[in-house]
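# Examining the three-dimensional arrangement
Listed below, chain by chain, are the residues.
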Amino acid sequence: MFIRNAWYVAAWDFEILANTILERRILDESIVFHRTLDGTPVALQNRCCHRWAPLSVGRKEGDCIRCMYHGMKFGPDGVCVEIPGQSNIPPEARVKTFPVVQRKRWLWIWMGDPAKANPALIPDTFSLQHPAWRFKPGYKSIRANMLNVADNLLDFSHLSFVHEKTLGGSPQIAEARPEISMVADGMRVVRRVNDTIPAPYHQRLGKFTGKVNRWFDYTLSFSGAFLMLAGVQSVDKAENDLDGALLFHSCQAITPETATSTHYFFAQAHGFALDDATITESIYQSIDTAFEEDRRVLEAQQRVIETNPGEKMIFIAGDIALARYRRHVADIVAAETAAGVHA
């Protein structure tokens, strides 16, 4: 089971336009998304309350969706407002709704107790809509459990091997010891890699003539929101001299689709060369290629896990962050279960 009382990224803003009906499975529930005439996002359980036909194959009519099986029409609050051939609408003729809000370029959904859906809990993805940053939006479907994807994000030692020719470039990343700490709703990891060779794509972007210092400072919430400030600078520069440095702010979100599949939303924003669209595209292509490398490993790992149920994995020092993360997620799910959230 997954944490339910939390905000999850459901879609990019452009995936749900004025007349769009989008179906997406989240926490193993099929949800249908659309917008009202004023642009407000709506999230409904994707089944008509009558004969359970999916509303995702229905029709938009103003602020409503009409089921195209027997014509029942539902408002944004999930209440049925029309039944063809029937003037009396029973009070139980309604569809379950979910709190959904848009912040910057992402739409967030709350799958748990609606009374606890406080938008103030949504993390600040400032670089998704800020004049000092540029990015190209990305999405991948990964056939792997969300926690395995979280493992991948919590231990950047894999950059030295999975991404040897893209984001990595040096075994020193795996050798650098991270600083790990708890934050309000997740974990923070800081990893500094000094006096190392630049990654292949950093070399293209920065044209460094020698070795560089690299740093990664990120948080991963227990519901899968990943926010990172990262940079690359020549070793010839002082620590606080960012002139000529490559500065990045990464917004990523891993949203459970099912127990064995995950939605992966990502944006690698750059804070340099803002007027050069080729830089934005180059960064996107490099990141997309690297995340394809991740996807192949994670999906292969998932297949092995499924064919070896119950077998134990060994623990190494690099697993400290992911072990703490999994333990906290399990504790939150257990508390929600005891409170009846998963009933």
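In what follows, the accompanying structure is described. Going along each chain's sequence as written, the residues are numbered from 1 onward. The predicted nature of this model means local features are confined to residues of pLDDT at least 70 and side-chain atom pairs, given and counted, to a pLDDT of 80 or more, with totals for whole chains, interfaces and linings taken over all residues. Remark: hydrogens and water are excluded; side-chain values derive from all non-hydrogen atoms of the structure.

### Overview of the packing of aromatic side chains
What counts is decided by this rule: The rule is short: rings of Phe, Tyr and Trp, with Trp giving its six-membered ring, pair when the centres are within 6.5 Å, and they are stacked under 30 degrees, edge-to-face over 60, tilted in between. Helix numbers and strand numbers start at the N terminus; a helix is a DSSP run of H or I with at least 4 residues, a strand a run of E with at least 2. With a 1.4 Å probe rolled over the protein chains alone, any residue whose accessible area is under 20% of its type maximum counts as buried; one over 50% counts as exposed, and the rest are partly exposed.
Under the definition given, this model contains 18 aromatic pairs. Geometrically, the ring pair formed by Trp 12 and Phe 135 is stacked, given 5.9 Å between the ring centres and 25 degrees between the ring planes. Separated by 123 residues along the polypeptide, Trp 12 in strand β1 (residues 7-12) and Phe 135 in the loop between β10 (106-110) and β11 (138-142) bring together distant segments of the chain. On the accessibility criterion, Phe 135 (17% relative accessible area) is buried. Between Phe 156 and Phe 216 the ring centres are 5.3 Å apart and the planes differ by 85 degrees, which places this aromatic pair in the edge-to-face class. Of this pair, Phe 156 sits in the loop between α1 (146-154) and α2 (172-175) while Phe 216 sits in strand β14 (residues 212-221); the two residues are 60 residues apart in sequence, bridging distant segments of the chain. Overall, Phe 156 belongs to the buried group, its relative accessible area being 7%. The class of Phe 216 is buried, set by a relative accessible area of 5%. Through a chain of ring-to-ring contacts, three or more aromatic side chains come together here, namely Trp 12, Phe 14, Trp 106, Trp 108 and Phe 135.

### Topic: the sheet that holds strand β4 (residues 41-45)
Neighbouring strands of a sheet are bound in pairs by backbone hydrogen bonds; such pairs are parallel or else antiparallel. Rules: When DSSP locates at least two bridges between a pair of strands, those strands are taken to pair. The axes are straight lines fitted to the C-alpha atoms, using for helices just the contacting stretch, and the angles between their N-to-C directions are given from 0 to 180°.
Spatially, the three strands line up as an open sheet ordered β2-β3-β4, and their pairing is antiparallel. Looking at which strands have only one partner, the edges of the open sheet turn out to be β2 (22-26) and β4. Pairwise comparison of adjacent strand axes, ignoring direction, gives a mean angle of 35 degrees for this sheet. Here five bridges tie strand β3 (residues 29-35) to β4, and the two strands are oriented antiparallel to one another.

### Considering the environment of Phe 226
For clarity, the threshold we go by: Whether two residues are in contact is decided by their heavy atoms, any of which lying within 4.5 Å being enough.
Mapped onto the secondary structure, Phe 226 falls in strand β15 (residues 225-234). For Phe 226, a relative accessible area of 0% corresponds to the buried category. Taking the C-alpha atoms as reference points, Phe 226 and Arg 295, separated by 69 residues in sequence, lie 17 Å from one another. When residues no more than four places from it in sequence are discounted, the contact partners of Phe 226 are Leu 153, Phe 156, Tyr 218, Thr 219, Leu 220, Ser 250, Cys 251 and Gln 252.

### Examining the nonpolar core
Rule in force here: Grouping buried Ala, Val, Leu, Ile, Met, Phe, Trp, Tyr and Cys residues that are joined through side-chain atoms within 4.5 Å yields what is termed a nonpolar core.
In terms of nonpolar packing, the biggest core is built from 64 residues, with Phe 33, Ile 109 and Tyr 325 touching the most fellow members. Element by element, the count of residues in this core is highest for helix α4 (residues 277-307), at seven residues. Counting residues in hydrophobic clusters, the runner-up holds 19 residues, among them Val 101, Trp 110, Ile 122 and Ala 267.

### With respect to the side chain of Gln 233
Rules: Each polar contact in these results corresponds to two N or O atoms within 3.5 Å; when the atoms are within protein, one needs to be able to donate a hydrogen and the other to accept it, and residues that are neighboring in sequence are counted only if both atoms are side-chain atoms.
Along the chain, the position of Gln 233 falls in strand β15. Note on Gln 233: relative accessible area 4%, which makes it buried. In this structure the side chain of Gln 233 is engaged in a polar contact, spanning 2.7 Å, whose partner is the backbone oxygen of Asp 241. A distance of 3.0 Å separates a polar atom in the side chain of Gln 233 from the backbone oxygen of Asp 243.

### Let's talk about α1
In terms of burial, α1 is a largely internal element, eight of the nine residues being buried. Where α1 starts, the residue carrying a side-chain oxygen 2.7 Å from the main-chain nitrogen of Leu 147 turns out to be Asn 145.

### Here's the deal with the pairing of β10
Along β10, five of the five residues are buried, which leaves the element largely enclosed by surrounding structure. Burial along β10 is two-sided: the face carrying Trp 106, Trp 108 and Trp 110 and the face carrying Leu 107 and Ile 109 are both buried. In this structure, β1 lies alongside β10, joined through five bridges in antiparallel fashion. Of the residues in β10, the one forming a bridge with Trp 7 is Trp 110.

### Side note on the pattern of salt bridges
Stated precisely, the cut-off is as follows: A pair is scored as a salt bridge if a Lys or Arg side-chain nitrogen falls within 4 Å of a carboxyl oxygen belonging to Asp or Glu.
Enumeration according to the criterion identifies 21 salt bridges in this entry. In this structure, Lys 136 and Glu 281 form a salt bridge, with 3.0 Å as the shortest nitrogen-oxygen distance. With a gap of 145 residues between them, Lys 136 in the loop between β10 and β11 and Glu 281 in helix α4 connect regions that are remote in the sequence. What makes Glu 281 partly exposed here is its relative accessible area of 30%.

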